[in-house]
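Okay, here's what each chain looks like letter by letter:
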Amino acid sequence: MCDMRRLFLLSALLLALALSSLALESQQLTVQTDSGKQVVLSRADLEALPHVKVTVSEHSSAPVNLEGVTLRSVLEKAGVAFGESMKGKRLTDCLLVEAADGYRVVIALPELDPAFTDKQTVLAFLRDGKPLGEKEGPYRIVIPDEKRMARWVRQVTTLKIVDVQ
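Residues numbered from 1 in each chain as written. Predicted model: local features only at pLDDT ≥ 70, side-chain atom pairs only at ≥ 80, totals over all residues. Heavy atoms only, no water.

Undergrad: Any chance you could explain the pairing of strand β1 (residues 29–32) here in plain terms?
TA: Within a regular beta strand, the side chains point alternately toward one face of the sheet and then the other, so they alternate between its two faces. Here four bridges tie β1 to strand β2 (residues 38–41), and the two strands are oriented antiparallel to one another. Opposite Thr30, over in β2, you have Val40 as the bridge partner. Between β1 and the antiparallel strand that follows it, β2, lie five residues; Gly36 among them carries a positive phi value of about 90 degrees. Relative to strand β10 (residues 156–163), β1 runs parallel, the two sharing three bridges. The residue bridging Gln32 from the neighbouring strand is Lys160, located in β10. (Pairing = 2+ DSSP bridges. Helix = DSSP H or I, 4+ residues; strand = E, 2+ residues; numbered from the N terminus.)

Take a look at the structure:
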């Protein structure tokens, strides 16, 4: 009987480890740079970046507090350059944001560079201090100054730099 109990406990432990591994993998974000290099960022990588907080109202609802990091800082962490390199041909580079459900939007790279705009684009991972829910997270794009929320992508999985020339 003791061996059967040990086998059950071992099986339960292995299942728990497998599930936690899947949960961590779903917290990863893939960034494809303009050179084609793919960088996988973990939740810990993103949480280590400077945090920003925004208060927004969605579809006329009560305001909510979202917290995350600037999209620019995520791209810089992956090796995408901003600042002085953002001129000439680089002005035709865009960010393709992809979601788990296949939804995709484009953001021009100059829209993310503080030399071009004061607007902040946020990769949020907390809502009112708690992780985003399954339908929204683990990551969500939020652009507080936009009138329409069509580019507020839920369940972000991949960020790709693309050249539209």
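Undergrad: What am I meant to see in unusual backbone geometry here?
TA: Glycine aside, the phi torsion of most residues is negative, and most peptide linkages are trans. Backbone torsion omega between Gly137 and Pro138 reads 15 degrees, so that peptide bond is classified as cis. Mapped onto the elements of the fold, Pro138 is located in the loop between β8 (130–131) and β9 (140–142). A positive phi angle, near 50 degrees, is found at Asp128, a position not held by glycine. Relative to the helices and strands, Asp128 resides in the loop between β7 (122–127) and β8. A relative accessible area of 47% means that Asp128 is categorised as partly exposed. In this structure, Gln155 is a non-glycine residue whose phi angle is positive, near 50 degrees. Mapped onto the elements, Gln155 comes out in the loop between β9 and β10. (Buried < 20%, exposed > 50% of the residue type's maximum accessible area, 1.4 Å probe, protein only.)

Undergrad: Even after reading the chapter, I still don't get the layout of surface pockets, so can you show me in this structure?
TA: Where empty space is left can be seen by rolling a probe of water-molecule size over the atoms. Taken as a whole, the largest pocket spans an internal volume of roughly 190 Å³. Taken together, His59, Ala99, Asp101, Tyr103, Lys135, Arg140, Met149, Ala150, Trp152, Val153, Arg154 and Gln155 make up the lining of the largest pocket. (1 Å grid on protein atoms, 1.4 Å probe; cavity = no way out; pocket = protein on both sides within 12 Å on 5 of 7 lines; lining within 4 Å. Points joined across faces, edges and corners; volume = space filled by probe spheres on them.)

Undergrad: Explain the nonpolar core here, please?
TA: A general trend in soluble globular proteins is that nonpolar side chains are found buried together. With 41 residues, the main nonpolar core has Val74, Leu75, Leu95, Leu123 and Leu159 as its most contacted residues. Ranked by residues supplied to this core, first place goes to β7 with five residues. Beyond its immediate sequence surroundings of up to four residues, Val74 is in contact with Leu29, Val31, Leu41, Leu46, Leu49, Val69, Leu123 and Leu159. (Core = buried A, V, L, I, M, F, W, Y, C linked by side-chain atoms within 4.5 Å. Contact = heavy atoms within 4.5 Å.)

Undergrad: Got a minute to help me understand the confidence of the model for the protein in this structure?
TA: Residues shown with low pLDDT carry predicted positions that ought not to be read at fine detail. Summing up the model confidence of the protein, the mean pLDDT is 86 and the portion of residues at 70 or higher is 86%. Ignoring residues within four places in sequence, the model shows residues 16–25, a span with pLDDT below 50, making zero contacts including any to other chains. (pLDDT = per-residue confidence, 0-100.)

Undergrad: How do you make sense of the pattern of salt bridges when you look at a structure like this?
TA: Oppositely charged side chains can form a pair if their charged atoms are brought close together. Summed over all chains, the structure comprises 13 salt bridges. Of the charged contacts in the structure, one is a salt bridge between Lys119 and Glu111, with a shortest N-O distance of 3.4 Å. On the accessibility criterion, Lys119 (23% relative accessible area) is partly exposed. Assessed through its relative accessible area of 22%, Glu111 is described here as partly exposed. Among the ionic pairs, Glu136 bridges to Arg127, the shortest N-O distance being 2.7 Å. Judged by relative accessible area, Arg127 falls into the partly exposed class, the value being 22%. Through salt bridges with shared partners, a single network forms among Glu111, Lys119, Glu146 and Arg151. (Salt bridge = Lys/Arg side-chain N within 4 Å of Asp/Glu carboxyl O.)

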